[in-house]
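Chain by chain, the residues run as shown.
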Amino acid sequence: MHSATVAQLSAGLRERKFSATELARDLLARIARAQPALNAFISIESEAALAAAAEADRRLAAGGAPPLTGVPIAHKDLFCAAGSRTTCGSKMLSNFISPYDATVVARLRAAGVVTLGKTNMDEFAMGSSNENSHFGPVRNPWDPARVPGGSSGGSAAAVAARLVPAATGTDTGGSIRQPAALCGITGIKPTYGRVSRYGMVAFASSLDQAGVLARSAEDAALLLGAMAGFDPRDSTSVDAPVPDYQASLDQPLAGLRVGLLKEFFDKGLDPAVEVCLRTALEVLRAQGAVLREVSLPNLPLSVPTYYVVAPAECSSNLARFDGVRYGHRCEKPRDLRDLYERSRGEGFGAEVKRRIMTGTYVLSAGYYDAYYLKAQRVRALIADDFRRAFSEVDVLISPTTPTPAFAIGAKTDDPVTMYLNDIYTIGANLAGLPALSVPCGFVGGLPVGMQIIGGHFSEARLLSVAHRYQRETDWHQRAPEAYR
Amino acid sequence: MSLTRRDIDAIAHLARLALTEAEIPVYIDSLSRIIELVGELDHAATAGVTPMSHPLPGQTQRQRPDEVTEGDRHELYQRNAPQAQAGLYLVPRVIE
């Protein structure tokens, strides 16, 4: 059962080949076995999962249950789920019990899914390796000495290791696509505003977006369809109808105009990764896609732009953690200032403090124009570059990451080296565009991802390109040896 | 550009973060590198460019009528409070 896709599990549950309870028990046992090696979960919620599975079995027996009824998933531990712990990978929230459901959680629950637990992540979603979690690093199922990517590293490792068929994630600068690429799975970051952020712990509000990590584009389409849509509780949620992503998966590729992002096939790219990409592009060409090179001259400024905007928004969002209303509080505060400073100093990890301080610096008097306003101007230039490109092509393709997964500890000394991991993924966040990553080969036994970026609200197109590619290739079906 | 100890102390104070002595040299070094990275933006020609205010073109933040939509749930929310009493959050004495 553990190697089945969401689509197969949904069919099997309806045909009563197995029950939701059997399925949940099977995967909970796998999760427990894998936990010491991978550390993919922060909370394993066996009791609640089995209760939800029993309820799913009742609904399946009664008939008329929605299609995802009984399908097990996991949530990244920054989605609030009423009554369950939501830590965001931080000591600050290690005892926080969500008082309400995130809209994503509520919608998926209404669609019938069974949540098995909450996955590990970089603290407050700040990181590209999952080494910044208060609960310890996650390991890559393809090689336990390597990182799974981040910040949704627990979700990616859990899906790759066949512990759950799919999991939720969030993507502020690549946090779904980069771990999906490094773990050999499919991950989609939708258009800004497509999925409600209500009940997600905020990091950088002009960039954060929730999405899905799964083993195929078809499964991602099923889950995204259940998650997406207008929510009056999120002021950035867009009131636009959600297309039937599954129904459009088979859309042919004939005549599809594909732009190759010139700036990302550059000297920073591992030549072996480039070979995988070029081979994947031939698969698309063989199906009638028309390839051409496209240049986005301001795109190389994505990383510096992001490392002004994201920390600025983070420093403002994380000001709410004051040791008063919720979260960690220091022992015996001398006065209110001491309470704030020590609670925050003790509750936040090194990288979160680094981002808060960077954000505080770029927003401080005398620097606001030079850094923040300047970055928002460059961001407008980057968005313009994308707009021009999408007047000439339907989708843009690049590698998801410059290299396959790196060793745990390899980049922890220099934050700037770590930040450059997101060089290919950040642009889509700055411009609010949807983008996904699909597995497209292996380098030295480690998976490599292909990124497909589209215009605003083109998720159906992206998923269909990915699906068509996955019909012709089997990279997405490969499983790490220890987890087959 | 290199930041100094005094810069880090000032930033940490503004951010209300207590740093240990061991953390300070680490942040002097890494924040200096980050400021150097974001300094690349200086080279971008942005004269006459309007700063981006929303990731979706033409969109602005939606507003809602100023109406109460949520019920009183402070008891539930205060279960996460480090210290609460009689419906109030407790903090160290502010006024002497």
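The model shown is predicted, which means the values in this text are computed figures rather than measured ones.

(A) Up close: unusual backbone geometry. Residues and elements named next belong to chain A. Gly150 connects to Ser151 through a cis peptide bond whose omega is 10°. When you line up the elements, Ser151 lands in the loop between β3 (114-119) and α5 (153-160). Of note, the phi angle at Lys332 is positive, near 45°, even though the residue is not glycine. Although it is not a glycine, Phe457 adopts a positive phi angle of roughly 60°.

(B) The pairing of strand β11 (residues 446-454) of chain A, seen in detail. Residues and elements named next belong to chain A. Counting buried positions over the nine residues of β11 gives nine, a clear majority of the element. Neither face of β11 is exposed, since Leu446, Val448, Met450, Ile452 and Gly454 on one face and Pro447, Gly449, Gln451 and Ile453 on the opposite face are all buried. Note: strand β9 (residues 395-399) against β11, five bridges, orientation antiparallel. Residue Ser398 lies in a different strand from β11, and its bridge partner there is Gln451. What sits between strand β10 (residues 435-443) and β11 in their antiparallel hairpin is a turn of two residues, with Gly444 showing a positive phi close to 60°.

(C) Up close: helix α7 (residues 217-227) of chain A. Residue and element names in this part refer to chain A. With respect to burial, α7 is a largely interior element, 11 of its 11 residues being buried. Of all the residues in α7, the buried ones are Ala217, Glu218, Asp219, Ala220, Ala221, Leu222, Leu223, Leu224, Gly225, Ala226 and Met227. Following α7 by one or two positions, Gly229 adopts a phi angle in the positive range, close to 130°.

(D) Just the interface of chain B and chain A, in detail. Taken together, the contact between chain B and chain A spans 39 residues of the former and 55 residues of the latter. Of all the secondary structure elements, the ones that give two or more residues to the side of chain B that touches chain A are α1 (5-14), α2 (23-38) and α3 (74-78) of chain B. Broken down by element, the residue count for the side of chain B that touches chain A peaks at seven residues, all from α2(B). Of the residues in the side of chain B that touches chain A, the class split is 27 nonpolar, five polar and seven charged.

(E) Representation of the domain arrangement of chain A. Residue and element names in this part refer to chain A. What the domain assignment reports for chain A is domain 1 (6-256 + 393-483) and domain 2 (300-376). Taking only C-alpha atoms into account, the centre of domain 1 sits 27 Å from that of domain 2. Contacts between the two partners involve 26 residues from domain 1, matched on the other side by 22 residues from domain 2. Secondary structure elements with two or more residues in the side of domain 1 that touches domain 2: α13 (415-419) and α14 (426-430).

(F) Broad picture of the pairing of strand β8 (residues 290-294) of chain A. All names here are of chain A. Two strands pair when backbone bridges link them, and strand β7 (residues 257-261) and β8 are joined in this way by five bridges, in the parallel orientation. If you follow Val258 over to β8, its bridge partner there is Leu291. Following the chain from β7 across helix α8 (residues 271-286) to the adjacent parallel β8, one finds a crossover that is right-handed.

(G) Summary view of the environment of Gly359(A). Residues and elements named next belong to chain A. Along the chain, Gly359 turns up in helix α11 (residues 350-363). Using a count of 28 C-beta atoms within 10 Å as the deciding quantity, one classes Gly359 as buried. Linking Gly359 and Pro271, residues 88 residues apart in sequence, is a C-alpha distance of 35 Å. Here Gly359 is in contact with Pro311, Ala312, Cys314 and Ser315, once residues within four sequence places are set aside.

(H) Layout of helix α4 (residues 103-110) of chain A. Taken as a whole, α4(A) has its buried residues at Thr103(A), Val104(A), Val105(A) and Leu108(A). Next to the buried residues of α4(A) lie β2 (72-76), β4 (166-171), β6 (209-214) and α7 of chain A.

(I) A look at the packing of helix α9 (residues 302-317) of chain A against helix α12 (residues 369-389) of chain A. Residue and element names in this part refer to chain A. Relative orientation of the contacting elements α9 and α12 amounts to 130°, with a least axis distance of 9 Å. Classified by the interaxial angle, the pair formed by α9 and α12 is oblique. Viewed along their axes, α9 and α12 form a crossing whose handedness is left-handed. When α9 is examined against α12, the residues Ser302, Thr305, Val308, Val309 and Ala312 are found in contact with a partner set consisting of Tyr371, Tyr372, Ala375, Gln376, Val378, Arg379 and Ile382. Broken down by class, the residue content of the contact of α9 with α12 amounts to eight nonpolar, three polar and one charged.

What counts, and at which threshold
- Residues numbered from 1 in each chain as written.
- Chains lettered and ligands numbered in written order.
- Predicted model: local features only at pLDDT ≥ 70, side-chain atom pairs only at ≥ 80, totals over all residues.
- Helix = DSSP H or I, 4+ residues; strand = E, 2+ residues; numbered from the N terminus.
- Buried ≥ 20, exposed ≤ 12 C-beta atoms within 10 Å, placed from the backbone.
- Pairing = 2+ DSSP bridges.
- Contact = placed C-beta atoms within 7 Å.
- Nonpolar A, V, L, I, M, F, W, Y, C, P; charged D, E, K, R; others polar.
- Domains from an automatic or database assignment.
- Right-handed = clockwise from strand over helix to strand, strands pointing away.
- Axes fitted to C-alpha atoms, helices over the stretch in contact; angles between N-to-C directions.
- Parallel < 35°, antiparallel > 145°, perpendicular 65-115°, else oblique.
- Left-handed = near helix turned anticlockwise from the far one by under 90°.

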